[in-house]
Amino acid sequence: MKPLLEKIDPVFGSSFAIREFTDLDPVYKPFWHFHPEYEIVYISKGKGKRHIGNHISYYEDGDLIFLGPNLPHLGFTEGHFKDQVEIVVQMKEDFLGKEFLKAPEMREVHHLFERSRKGIIFHGKTREWAGAQLQAMAHMEPFDRLVELLKVLRELGKTEEFSSLNADGFAFDVQAQHLERIQEVYEYVEANFQQEVTLDEVSRRVNMTVPAFCRYFKRLTGKTFTHFVNEVRVAHACRLLANEHLSIAAVSFDSGFNNLSHFNKQFRLVVGTSPRAFRQNLRQIVE
């Protein structure tokens with residue numbers, strides 16, 4: 001699928017776009033895309049990878065994120081789950097006029113929009129409350145929907161229950177050839193991370209020499225290709241660690257690491273803790 005600038009049209013009678021997807025909707029293959037609109041994505045259930053700009057992580061039991069303009073990203077869920085609802089809200093910065101963010105009443109919203117350029121994850125009670133409001137919005141009349149959106153934006157701007165994805169520096173002036181190459185690289189890694197991933201093969205796929213590709217990838221993403229592959233593998237390992245029946249060694253090998261010591265080192269570099277401590281934390285959250 002060729003990644004292009006996604007064209008987003010507001011809902012009829014509205015100044016912004018809002019879409020609702022349920023477990024009954026067909027599952028589409030995620031693709032690497034961007035758009036000038038700000039975007040809120042709420043997923044009530046499910047699990048999957050966050051791949052936003054140069055950030056990769058794994059989530060479970062739903063998600064709530066806010067993305068700034070031109071921040072490339074992939075789809076968020078690994079398939080659909082029973083009773084799952086996904087709400088996507090997209091708006092231009094001036095969807096209520098060029099001056100509306102300058103109003104003193106919009107101070108928190110203005111700060112929210114600025115922070116979103118790095119990507120934001122919300123959690124805790126904020127995620128639960130905003131998720132319920134977003135689901136209700138999808139079935140409101142246009143005026144009520146707009147009022148509710150402003151309430152949601154204000155609360156997201158005020159809350160302390162958020163984490164930054166720190167994906168800044170990636171919302172470059174995206175050109176089609178960059179997106180095509182990066183999409184090719186990401187698809188190759190996603191399909192092959194459980195086995196050997198070679199620089200020779202990925203460079204060949206994007207018609208570049210190995211040295212040229214290494215420089216190109218580092219310039220676009222701010223990280224080496226090897227580090228990127230390890231992040232994808234670690235994100236997969238995070239999902240497997242939720243399965244108590246799998247040993248740490250089994251998780252390591254299934255994630256594409258052929259050395260347990262190397263897996264532990266890379267996991268700590270990406271996540272900040274050991275795989276065993278990560279699993280124990282998951283267990284405490286469940287309990």
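Reading the values: rules and limits
- Residues numbered from 1 in each chain as written.
- Predicted model: local features only at pLDDT ≥ 70, side-chain atom pairs only at ≥ 80, totals over all residues.
- Heavy atoms only, no water.
- Phe/Tyr/Trp six-rings, centres within 6.5 Å; stacked < 30°, edge-to-face > 60°.
- Lys NZ or Arg CZ within 6 Å of the ring centre and 35° of its normal.
- Pairing = 2+ DSSP bridges.
- Helix = DSSP H or I, 4+ residues; strand = E, 2+ residues; numbered from the N terminus.
- Axes fitted to C-alpha atoms, helices over the stretch in contact; angles between N-to-C directions.
- Expected span 1.5 Å × (residues − 1).
- Buried < 20%, exposed > 50% of the residue type's maximum accessible area, 1.4 Å probe, protein only.
- Arc of directions from axis to C-beta.
- Polar contact = N/O pair within 3.5 Å; in protein donor to acceptor, adjacent residues only side chain to side chain.
- Parallel < 35°, antiparallel > 145°, perpendicular 65-115°, else oblique.
- Contact = heavy atoms within 4.5 Å.
- Salt bridge = Lys/Arg side-chain N within 4 Å of Asp/Glu carboxyl O.

Asker: Which parts of the structure should I look at to understand the packing of aromatic side chains?
Answerer: How two aromatic rings sit relative to each other is given by the distance of their centres and the angle of their planes. Applying the stated criterion to the full structure yields 15 aromatic pairs. What links up through ring pairs into an aromatic cluster is the set Tyr 186, Phe 213, Phe 217, Phe 225 and Phe 228. Across the ring face of Phe 162, the terminal group of Arg 115 is positioned such that the distance to the ring centre comes to 4.6 Å. Its guanidinium or amino end placed over the ring of Tyr 216, Arg 181 lies 5.2 Å from that ring's centre, counting from NZ or CZ.

Asker: Mind showing me how you'd approach the sheet that holds strand β6 (residues 85-91) here?
Answerer: In any sheet, the strands associate via hydrogen bonds between backbone groups, in a parallel or an antiparallel arrangement. Ordered in space as β1-β6-β2-β5-β7-β8, the six strands form an open sheet in which the pairing is antiparallel. Two strands close off the open sheet at either side, each with one partner strand: β1 (17-22) and β8 (162-164). For this sheet the average axis-to-axis angle between neighbouring strands, irrespective of direction, equals 15 degrees.

Asker: I keep staring at helix α9 (residues 260-271) and nothing clicks. Help me out?
Answerer: Because the α-helix completes a turn every 3.6 residues, residues three or four places apart line up on one side. With 12 residues, α9 extends 16 Å between its outermost C-alpha atoms, agreeing within 8% with the 16 Å of an ideal straight helix rising 1.5 Å per residue. Buried within α9 we find Phe 263, Gln 266 and Phe 267. Viewed along the axis of α9, the buried residues span an arc of 105 degrees, placing them on a single side of the element. Away from the buried face of α9 by more than 90 degrees, exposed residues Ser 261, Lys 265 and Leu 269 are located. For α9, the N-terminal cap is Asn 259; the gap from its side-chain oxygen to the backbone nitrogen of Ser 261 is 3.0 Å. Just downstream of α9 lies Gly 272, where phi reads positive at about 95 degrees.

Asker: Even after reading the chapter, I still don't get the packing of helix α7 (residues 225-240) against α9, so can you show me in this structure?
Answerer: Each packed pair of helices is defined by two parameters, the angle between the axes and the distance between the axes. At a minimum axis separation of 9 Å, α7 and α9 run at an interaxial angle of 95 degrees. Between α7 and α9, the crossing angle belongs to the class labelled roughly perpendicular. Along its contact with α7, which presents His 227, Asn 230, Glu 231, Val 234, Ala 237 and Cys 238, the element α9 presents His 262, Phe 263, Gln 266, Phe 267, Val 270 and Val 271.

Asker: What am I meant to see in helix α1 (residues 107-115) here?
Answerer: Among the residues of α1, those classed as buried are Val 109, Leu 112 and Phe 113. Down the axis of α1, the smallest arc covering the buried residues is 95 degrees, so these residues share one side. For α1, the secondary structure elements touched by its buried residues are β2 (38-43), β5 (63-67), β6, β7 (120-122) and α3 (142-158).

Asker: How do you make sense of the pattern of salt bridges when you look at a structure like this?
Answerer: Taken as a whole and judged by the stated rule, the model has 12 salt bridges. The salt bridge involving Arg 50 is made with Asp 63; its shortest N-O contact spans 3.0 Å. Residue Arg 50 is found in strand β3 (residues 47-52), and its partner Asp 63 is found in strand β5; the two are separated by 13 residues along the sequence. What makes Arg 50 buried here is its relative accessible area of 10%. Linked by salt bridges that have partners in common, Glu 184, Glu 201, Arg 204 and Arg 205 make up one network.

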